[in-house]
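What the coordinates show
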Amino acid sequence: GTHIHEKVVKATTTRNEGASIALDEDGNAAPTDDQTPISGVSGQTGLFCVDNLLFGTYNVVETAAPSGYSPVTRVMSHAVSSKSDCSDAATRSVDLTFENEAQPTLTTSATSTATVGGTIFDTATLSGGFSPTGDITFKLYLNDNTCTDGGALVFEQTVNVDSGNGNYTTNPGYVTSAAGTYYWIANYSGDSSNAAAGHDCGVAGEVTTVNKEGPTISTLATSTATVGESINDTATLSGGF
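Residues numbered from 1 in each chain as written. Predicted model: local features only at pLDDT ≥ 70, side-chain atom pairs only at ≥ 80, totals over all residues. Heavy atoms only, no water.

A word on the overall build of the protein
Note the cut-off: Only DSSP runs of H or I covering at least 4 residues are called helices, and only runs of E covering at least 2 are called strands; the numbering of each starts at the N terminus. With C-alpha atoms as the basis for the radius of gyration, the globule rule is written as 2.2 Å multiplied by the number of residues raised to the power 0.38. Here's how the labels work: a residue is buried when its accessible area is under 20% of the maximum for its type, exposed when over 50%, partly exposed in between, all with a 1.4 Å probe on protein chains only. Contact between two residues is taken to exist if any of their heavy atoms lie within 4.5 Å; hydrogens are not considered. For accessible areas, the Shrake-Rupley method is used with a probe of radius 1.4 Å. Any residue's cover is judged against the shown protein chains and nothing else. When charges are tallied, Lys and Arg are placed among the positive residues and Asp and Glu among the negative ones, while His and the ends of the chain are skipped. Lys charges are placed at NZ, Arg charges at CZ, Asp charges at CG and Glu charges at CD.
Along the backbone of the protein there are zero helices and 20 strands. Taking 2.2 N^0.38 as the reference for a compact globule, 241 residues should give roughly 18 Å; the C-alpha atoms of the protein span a radius of gyration of 31 Å, well beyond that estimate. With respect to the three principal axes, the spread of C-alpha positions in the protein is 120 × 30 × 25 Å. Buried residues in the protein amount to 37% of all 241 residues. Of all intrachain contacts in the protein linking residues separated by at least 6 positions in sequence, the fraction that spans at least 24 positions is 66%. Split by element, the accessible area of the protein, about 12,800 Å² in all, is 48% carbon and sulfur. Put simply, the protein has 8 plus and 26 minus side-chain charges, and the middle of one group is 10 Å from the middle of the other.

Focus: the state of the cysteines
Heads up, the condition is: By definition, disulfides here are pairs of cysteine sulfur atoms that lie within 2.5 Å.
This model, assessed by the stated rule, comprises two disulfides. The partner cysteine of Cys49 in its disulfide is Cys86, sulfur to sulfur 2.0 Å. In this structure the cystine formed by Cys49 and Cys86 twists about its S-S bond by roughly -90°; its chirality is therefore left-handed. Of this pair, Cys49 sits in strand 4 (residues 47–50) while Cys86 sits in the loop between strand 6 (76–80) and strand 7 (96–100), and the two are 37 residues apart along the sequence. A relative accessible area of 8% places Cys49 in the buried class. Owing to a relative accessible area of 22%, Cys86 belongs among the partly exposed residues under this scheme. Paired through a disulfide, Cys147 and Cys201 show a sulfur-sulfur distance of 2.0 Å.

Brief notes about the sheet that holds strand 1 (residues 3–9)
For clarity, the cut-off: Here, strands pair whenever DSSP counts at least two bridges between them. Helix axes are fitted to C-alpha atoms over the stretch in contact, other axes to C-alpha atoms as well, and angles between N-to-C directions run from 0 to 180 degrees.
In space, the three strands of this open sheet follow the order 4-1-7, with mixed pairing throughout. Lying at the two open borders of the sheet, with one neighbouring strand each, are strand 4 and strand 7. The mean inter-strand angle of the sheet, taken between neighbouring strand axes irrespective of direction, is 20°. Bridge count between strand 1 and strand 7: five bridges; the pairing is parallel. For Val9, the partnering residue across the bridge sits in strand 7 and is Asn100.

Thoughts on the side chain of Thr12
This is how it is decided: In the analysis that follows, any N or O atom pair within 3.5 Å is treated as a polar contact, provided that within protein one partner can donate a hydrogen and the other can accept it, and provided that, for residues neighboring in sequence, both atoms belong to side chains.
Position of Thr12 relative to the elements: it lies in the loop between strand 1 and strand 2 (20–24). Engagement of the side chain of Thr12 in a polar contact is seen with the backbone oxygen of Val9, the distance being 2.7 Å.

Some words on the packing of aromatic side chains
Cut-off, in case you're wondering: A pair of Phe, Tyr and Trp rings is counted when the ring centres sit within 6.5 Å of each other, with Trp represented by its six-membered ring. The angle between the planes then sorts it: under 30 degrees is stacked, over 60 is edge-to-face, the rest tilted. The criterion for a charge sitting over a ring is simple: Lys NZ or Arg CZ within 6 Å of the ring centre, and within 35 degrees of the ring normal.
Per the stated rule, a full pass over the model turns up three aromatic pairs. Taking 6.0 Å as the distance between ring centres and 80° as the angle between the ring planes, the aromatic pair formed by Phe155 and Trp184 counts as edge-to-face. Here Trp184 lies in strand 16 (residues 180–188) and Phe155 lies in strand 13 (residues 153–160), a separation of 29 residues in the sequence. We classify Phe155 as buried; its relative accessible area is 13%. Through a chain of ring-to-ring contacts, three or more aromatic side chains come together here, namely Phe155, Tyr174, Tyr182 and Trp184. Positioned over the ring face of Phe98 is Arg74, at 5.3 Å from the centre of the ring.

Here is the structure:
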């Protein structure tokens, strides 16, 4: 008899290439010497077949996931009870289907420096996702390198992932009202086919230094006076926040 197996992207019928599949004698997903590789079907993406099997129940395990996808750790079983071979595997119904969830990455780049009163931004680049949807949530904390929600949270925005993999930016950004060190954090929600993604607080490129404004002062004092008269000085402050 035969065993036919397919690999698909989670929550889809799209077959995925790059996995390694094996028959497993003891049903233990951990790599051992009792796993016999199953070959892929020539000319078919994500389709595997093995024949010359005696009737009985066989365990199947994924020994390597496609690049960029989470591994499947469970073992699935299939009972072989009819005579067949792999010659027509591409046109027959599959016996087992394993789903892999895409593991996208999120890289971010925020405004590096600004002057108080200026607007600062963060941009997140989502890559490696399978037609990703969902959203990206940006948060901004002032002088808090732990990014703890509460008094230090000064800004939050959720941006819809409506263009798949690509760049997503805070818009219109955050208008700073105090000098200090601002810490950005961004998290992708994930969806039915893609895992969530994010980063830690304080990573490179996600810290904005907001400097104090540099005001100027000009002065004008009474130029001459007679003894007994009052004299004055006037200071004009400009360019401050």
